[in-house]
Amino acid sequence: GWRKGVQRGIATNLLNPKALLFFMGLLAAMVTPQVDGLTRGLLVLELFLLSLAWFGVLAWSLSTVRAQRLLGRVQRPLNLVTGLLFGAVSLSILTGMAGEAYALVLH
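A few points on the structure.

Rules and cut-offs
Residues numbered from 1 in each chain as written. Predicted model: local features only at pLDDT ≥ 70, side-chain atom pairs only at ≥ 80, totals over all residues. Heavy atoms only, no water. 1 Å grid on protein atoms, 1.4 Å probe; cavity = no way out; pocket = protein on both sides within 12 Å on 5 of 7 lines; lining within 4 Å. Points joined across faces, edges and corners; volume = space filled by probe spheres on them. Helix = DSSP H or I, 4+ residues; strand = E, 2+ residues; numbered from the N terminus. Nonpolar A, V, L, I, M, F, W, Y, C, P; charged D, E, K, R; others polar. Buried < 20%, exposed > 50% of the residue type's maximum accessible area, 1.4 Å probe, protein only. Polar contact = N/O pair within 3.5 Å; in protein donor to acceptor, adjacent residues only side chain to side chain. Expected span 1.5 Å × (residues − 1). Contact = heavy atoms within 4.5 Å. Bend = angle between axes of the 7 residues up to and from the residue. Axes fitted to C-alpha atoms, helices over the stretch in contact; angles between N-to-C directions. Parallel < 35°, antiparallel > 145°, perpendicular 65-115°, else oblique. Left-handed = near helix turned anticlockwise from the far one by under 90°.

### Quick word on the layout of surface pockets
Here comes step 1: For the largest pocket, the calculated volume is near 760 Å³.
Here comes step 2: As for the largest pocket, its lining consists of 22 residues, of which Gly-9, Ile-10, Asn-13, Ser-51 and Phe-55 are closest to the centre.
Here comes step 3: For the lining of the largest pocket, the secondary-structure elements that each account for two or more residues are helix H1 (2–14), helix H2 (17–30) and helix H3 (37–62).
Here comes step 4: For the lining of the largest pocket, the element with the highest residue contribution is H3, accounting for 10 residues.
Here comes step 5: Partitioned by chemical class, the residues of the lining of the largest pocket number 17 nonpolar, five polar and no charged.

Structural data, given as structure tokens:
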């Protein structure tokens with residue numbers, strides 16, 4: 001039912017290391033050490049509520065019959081494009097790391 005879906009969604013997002021790292025990085029970049037604990041706690045709560053709202057709207061909008069048909073048609077090309085993008089980013093990172101390692105060996 002609806003309640004079980006919400007529970008699964010929250011658990012999935014909270015246990016997703018990529019999401020956790022993203023939000024930790026976002027907080028680290030936006031919050032200075034001078035910010036007190038209460039404000040930090042409120043920011044964490046705000047991020048949680050914004051995520052809940054975003055993923056709730058996303059789940060609701062993508063659960064319609066029309067959206068499911070569209071997703072069924074575009075799933076394969078979308079997976080191909082995103083796979084190629086992730087592969088290109090990975091290759092770029094590996095190339096940069098190899099270049100840095102090579103520079104260290106030379107010096």
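### With respect to the environment of Thr-64
Here comes step 1: Looking at where Thr-64 falls in the secondary structure, it is placed in the loop between H3 and helix H4 (65–106).
Here comes step 2: Under the relative-accessibility criterion, Thr-64 is labelled partly exposed at 35%.
Here comes step 3: In this structure, the C-alpha to C-alpha distance between Thr-64 and Gln-34, residues 30 residues apart in sequence, is 46 Å.
Here comes step 4: Within the local environment of Thr-64, its side chain forms a polar contact with the backbone nitrogen of Ala-67, the two atoms lying 3.2 Å apart.

### Some details on H2
Here comes step 1: Here H2 spans 20 Å end to end across 14 residues, near enough to the 20 Å set by a 1.5 Å rise per residue.
Here comes step 2: Little of H2 is tucked away: one of the 14 residues are buried.
Here comes step 3: N-cap assignment for H2: the residue whose side-chain oxygen lies 3.0 Å from the backbone N of Lys-18 is Asn-16.

### Side note on the side chain of Ser-51
Here comes step 1: Relative to the helices and strands, Ser-51 resides in helix H3.
Here comes step 2: A relative accessible area of 10% places Ser-51 in the buried class.
Here comes step 3: Not counting residues within four places of it along the chain, the set of residues in contact with Ser-51 comprises Asn-13 and Phe-23.

### Describing H4
Each turn of an α-helix holds 3.6 residues, which means side chains three or four residues apart point in the same direction.
Here comes step 1: The terminal C-alpha atoms of H4, which comprises 42 residues, lie 60 Å apart, in line with the 62 Å expected from a rise of 1.5 Å per residue.
Here comes step 2: Along its length, H4 reaches its greatest deviation from straightness, about 50°, at Val-74, and the proline Pro-77 lies no more than four positions downstream.

### Some thoughts on the packing of H2 against H3
The description of two helices packed together rests on the angle between their axes and the distance between the axes.
Here comes step 1: Running from amino to carboxyl end, H2 crosses H3 at an angle of 135°, the nearest separation of the two axes being 11 Å. Between H2 and H3, the angle falls in the class oblique. When you trace H2 past H3, the crossing you get is right-handed. In this structure, H2 contributes Phe-23, Leu-26 and Leu-27 to the contact, and H3 contributes Leu-43, Val-44, Leu-47 and Ser-51.
Here comes step 2: Across the contact of H2 with H3, the residue classes tally to six nonpolar, one polar and no charged.

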